[in-house]
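Per-entry structural report
So the chains spell out like this:
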Amino acid sequence: MWRAIGVTAVAVAVAVAVSACTADSAVDPEAGPSNDAPFVVTATGEVEVSCGGHGPGWAPSVMPEGVPGVLTDDEATGIFSDILDDPRTGEEAQLSLFGDGVDVEWRVLRDDGDTLTLGLGHWTEQGPTGAGDFLLDLERVDGSWRATGWGDCHLSPVLTEGAAWVEVTGVRSDPEGSTLTAQIHERECTSARDPEPFLHDPYLVETSDSVTLYWTSEPLNGAANCQGNPTVERVVELQEPLGSRVVYDGFHYPPREVPTN
C-alpha cells in the first residue's frame with residue numbers, strides 16, 4: 001500500500017496494488033526493448049523503470065548503489081529521524097519504514113532538485129528484493145526534506161503519454177506453430193470497458209530462449225471506477241515457431257514468465 005503524505009496532514013491513498021518485486025526472471029537485460037519500442041521510455045541505453053510504470057522513472061543500473069553525491073549518510077539519517085519526529089508522519093513511519101530504527105540501507109534513485117526518490121532496504125539492478133524494501137519520496141520544504149509518500153514497489157518500465165499497461169496473464173501455443181494466443185487485460189481502472197478498440201499492437205522481443213511481450217493500450221479519458229477489467233485473447237505472430245522458448249510479460253520488471261495453459 002502507498003502512503004501519500006501532505007504537508008499539513010497525513011492522507012492515506014490506496015494506489016494500484018503493488019508488492020515487492022523479486023528476481024523471478026532469467027531474461028537477459030540486453031534483450032529488452034530498444035529505442036524503437038513504442039511508448040517505452042528509454043534513456044542512455046536503458047529502459048527507465050518506476051513503481052507501476054507511473055511518473056518519472058530511473059535507470060535500473062542506479063538501484064544497487066544509487067545516484068552518487070546527493071546525500072551523505074548523516075544527512076539521510078537526519079531526514080529519517082525528522083520523519084519519525086514529525087507528528088504528521090511519525091506514527092506511520094514507525095510502523096512501516098523505521099520499525100527497527102533509522103539505520104537502514106538506502107540509495108537515491110532519482111534527484112529532481114527539490115524532490116528525491118529513495119529506495120530503502122536492499123535493492124539490486126532487478127529492484128527491491130524483499131518485503132522490508134520501500135520507496136520513499138521526499139520534497140524540499142522551507143529548506144528541509146519532508147516525506148510526501150512511501151510504499152512497496154512493483155517495478156514496471158515507464159511509458160510515454162498516450163499509453164497504459166496491459167498485462168499478459170497466460171498464453172497457449174502449438175510449439176510447432178508460428179503463433180501464440182495471449183490472454184490479456186488492462187491494468188488501469190477502465191470501468192470494465194471492452195479493451196478491444198483501445199489495444200495497441202504488442203512489441204515483441206524474440207531471442208533463441210524467450211519471447212517477451214510489451215503490450216499497451218490507449219488510456220481512458222476522464223473518471224473511471226475499478227470493476228475488474230475483462231480478459232480478452234489476441235493472436236500474436238512470431239518470427240519462428242515458439243518451440244521450447246519461454247514467454248515473458250514486459251509489464252513487469254524484470255519481465256515475468258507467463259503461465260502456459
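In the block above lies the structure referred to throughout.
Residues numbered from 1 in each chain as written. Predicted model: local features only at pLDDT ≥ 70, side-chain atom pairs only at ≥ 80, totals over all residues. Heavy atoms only, no water.

1. Focus on the pattern of salt bridges
- Applying the stated rule across the entire model yields nine salt bridges.
- The closest approach of N and O atoms between R140 and D114, which form a salt bridge, is 3.5 Å. With R140 in strand 10 (residues 134-141) and D114 in the loop between strand 6 (106-111) and strand 7 (115-120), this pair connects stretches of sequence that are 26 residues apart.
- On the basis of relative accessible area, D114 is assigned to the partly exposed category, the value being 46%.
- The partner of R245 in a salt bridge is E206, and the shortest N-O contact between them spans 3.0 Å. (Salt bridge = Lys/Arg side-chain N within 4 Å of Asp/Glu carboxyl O. Helix = DSSP H or I, 4+ residues; strand = E, 2+ residues; numbered from the N terminus. Buried < 20%, exposed > 50% of the residue type's maximum accessible area, 1.4 Å probe, protein only.)

2. Considering the nonpolar core
- In this structure, F80, I83, L118, L136 and L138 are the most contacted members of the largest nonpolar core, which totals 20 residues.
- Elements supplying a minimum of two residues to this core: helix 1 (73-85), strand 6, strand 7, strand 10 and strand 11 (144-151).
- Tallying contributions element by element places helix 1 first for this core, with four residues.
- Ranked by size, the runner-up nonpolar core spans 16 residues in total, among them V171, I184, W215 and V236. (Core = buried A, V, L, I, M, F, W, Y, C linked by side-chain atoms within 4.5 Å.)

3. Points about the pairing of strand 13 (residues 164-172)
- Burial runs high along strand 13: seven of the nine residues are buried.
- One ladder, built from three bridges, connects strand 13 with strand 16 (residues 210-217); its direction is antiparallel. Bridging from a neighbouring strand, A164 pairs with S217 of strand 16.
- Sheet topology places strand 13 next to strand 14 (residues 179-186); six bridges connect them, and they run antiparallel. Counterpart to G170 in the pairing with strand 14 is Q183.
- The hairpin turn running from strand 13 into strand 14, its antiparallel successor, is six residues long. (Pairing = 2+ DSSP bridges.)

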